[in-house]
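These are the residues of each chain, in order.
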Amino acid sequence: MIRKANLTIAHNEKIAKSTFLMHLLSEESTLDIQPGQFIHIKIGQDHTHMLRRPISIADVDHSNQIIKIIFKTVGEGTGYLSKQKTGDKIDALLPCGSSYPIDKLTMKHALLIGGGIGVPPLYYLAKQLVNRGVSVTSILGFQTASQVFFEEEFQALGKVYIATNDGSYGYSGFVTDIYQAIQPSFDYYFSCGPTPMLKGVTKELEDKPGYISLEERMGCGVGACFACVLPSRDGGYKKICQHGPVFDANEVILA
Ligand code: FES
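Residues numbered from 1 in each chain as written. Predicted model: local features only at pLDDT ≥ 70, side-chain atom pairs only at ≥ 80, totals over all residues. Heavy atoms only, no water.

Colleague: What exactly am I supposed to notice about the pairing of strand β9 (residues 158-164) here?
Modeller: Successive side chains on a regular strand alternate, one facing one side of the sheet and the next facing the other. Taken across its seven residues, β9 has five buried, putting it largely inside the fold. With seven bridges joining them, strand β8 (residues 135-142) and β9 adopt parallel strand pairing. Looking at β9, one finds that Ser138 is bridged to Val160. The pairing of β9 with strand β10 (residues 171-172) spans two bridges and is classified as parallel. The partner of Ala163 across the bridge, within β10, is Tyr171. (Buried < 20%, exposed > 50% of the residue type's maximum accessible area, 1.4 Å probe, protein only. Helix = DSSP H or I, 4+ residues; strand = E, 2+ residues; numbered from the N terminus. Pairing = 2+ DSSP bridges.)

Colleague: How do you make sense of the sheet that holds β10 when you look at a structure like this?
Modeller: Sheet strands pair by backbone hydrogen bonding; their relative direction is either parallel or antiparallel. Read from one edge of the open sheet, seven strands run β10-β9-β8-β7-β11-β12-β15, paired in mixed fashion. The open sheet is flanked by β10 and β15 (246-248), the only strands paired with a single partner. Direction of pairing for strand β7 (residues 109-115) relative to strand β11 (residues 188-193): parallel, over a ladder of five bridges. Bridging from a neighbouring strand, Ile113 pairs with Ser191 of β11. Contacting β7, β8, β9 and β10, helix α4 (residues 175-182) runs over the sheet at an angle of about 140° to β8. (Contact = heavy atoms within 4.5 Å. Axes fitted to C-alpha atoms, helices over the stretch in contact; angles between N-to-C directions.)

Colleague: Mind showing me how you'd approach the nonpolar core here?
Modeller: Proteins that are soluble and globular tend to have nonpolar side chains buried together. Within the largest apolar cluster, 32 residues are counted, with the highest numbers of intra-cluster contacts made by Tyr100, Met107, Leu112, Leu129, Phe154 and Phe190. Among the elements of the structure, β7, α2 (120-131), β8, β9 and β11 are those that each provide at least two residues to this core. Residue contributions to this core peak at five residues, all from α2. Those residues in contact with Phe154 that lie beyond four places of it in its chain are Leu112, Val119, Leu122, Tyr123, Ala126, Ser138, Leu140 and Val160. By size, the runner-up hydrophobic cluster in this structure holds 28 residues, among which are Tyr179, Val201, Cys228 and Val252. (Core = buried A, V, L, I, M, F, W, Y, C linked by side-chain atoms within 4.5 Å.)

Colleague: Quick question: what am I supposed to make of the layout of surface pockets here?
Modeller: Gaps left between atoms are located by rolling a probe of water-molecule size over the structure's atoms. Of the volumes computed, that of the largest pocket is approximately 590 Å³. Lining the largest pocket are 24 residues; nearest its centre among them are Pro54, Ile55, Ile117, Glu215 and Glu216. Elements supplying a minimum of two residues to the lining of the largest pocket: β4 (53-61), β5 (66-72), α1 (76-82) and β12 (210-214). Counting residues per element, the lining of the largest pocket draws most heavily on β4, at four residues. By volume, the second largest pocket is sized at about 440 Å³. Per-element accounting of the lining of the second largest pocket gives the leading share, four residues, to helix α5 (residues 195-204). (1 Å grid on protein atoms, 1.4 Å probe; cavity = no way out; pocket = protein on both sides within 12 Å on 5 of 7 lines; lining within 4 Å. Points joined across faces, edges and corners; volume = space filled by probe spheres on them.)

Colleague: Sorry if this is basic, but what is going on with the pattern of salt bridges here?
Modeller: Two side chains carrying opposite charge are able to pair once their charged atoms lie near each other. Counting across every chain of the model gives eight salt bridges. In this structure, the salt-bridge partner of Asp91 is Lys4, at a minimum N-O distance of 2.8 Å. Placement of the pair is Asp91 in strand β6 (residues 89-96) and Lys4 in strand β1 (residues 3-16), with a sequence separation of 87 residues. Asp59 serves as the salt-bridge partner of Lys127, at 2.9 Å between the closest nitrogen and oxygen. In this pair, Lys127 is assigned in helix α2 and Asp59 in strand β4, connecting sequence segments 68 residues apart. By relative accessible area, Lys127 is classed as partly exposed at 27%. Where salt bridges share partners, they join Arg3, Glu28 and Asp32 into one cluster. (Salt bridge = Lys/Arg side-chain N within 4 Å of Asp/Glu carboxyl O.)

What follows is the structure, encoded as structure tokens:
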């Protein structure tokens, strides 16, 4: 059930180029927040910014009721967030959207493939998988060395391969190039990143079972405005904010 929450910033730190890690203290239990879900943040205290910003959840420290998000400054809204200080308040809707259905899946090995700001939700997922005894291999792609983050955090959970588009760190190329090079064995794959990357991943792994999470600019974030629709393979459509952001890899058609 989505609720409105008044969160307190406990930490806000730049961790890579234009990339910030923020810890948000919740007054209520965080136990209902699942990997893949997002929080929908109001920008500012007035009504200058009408649209909230959807930001994926990178981790949750349930014992301290801390929600961790990682965001990139791409415009006015995220620029505003990057300047907020410890103790400042954030108005958010949470937890929003669907999650990776890991409780329904039986697996020993999982392959995680993330790109850019699609990497954060895979971290919370990786922790949950490792807690369930699943071994995790992560392939993470970034544009360039200065944008790489959370490599050590993922390494603490399993094998990690990093790719940069310009070859300035790790493998030179795309996440799919690493996949082709290492050919890992796995039971399910889970991927999050920009749509061109997801198109490449779902094509490369089209005969494998997996789940993808879409990053899209949203409007209402709660299924009311149709700003985030995309076609589904059953001939209908899906709202990313409500039916997603996590979908079975064969459920939707990526434009
Ligand atoms: Fe309004 Fe999805 S953002 S329906």
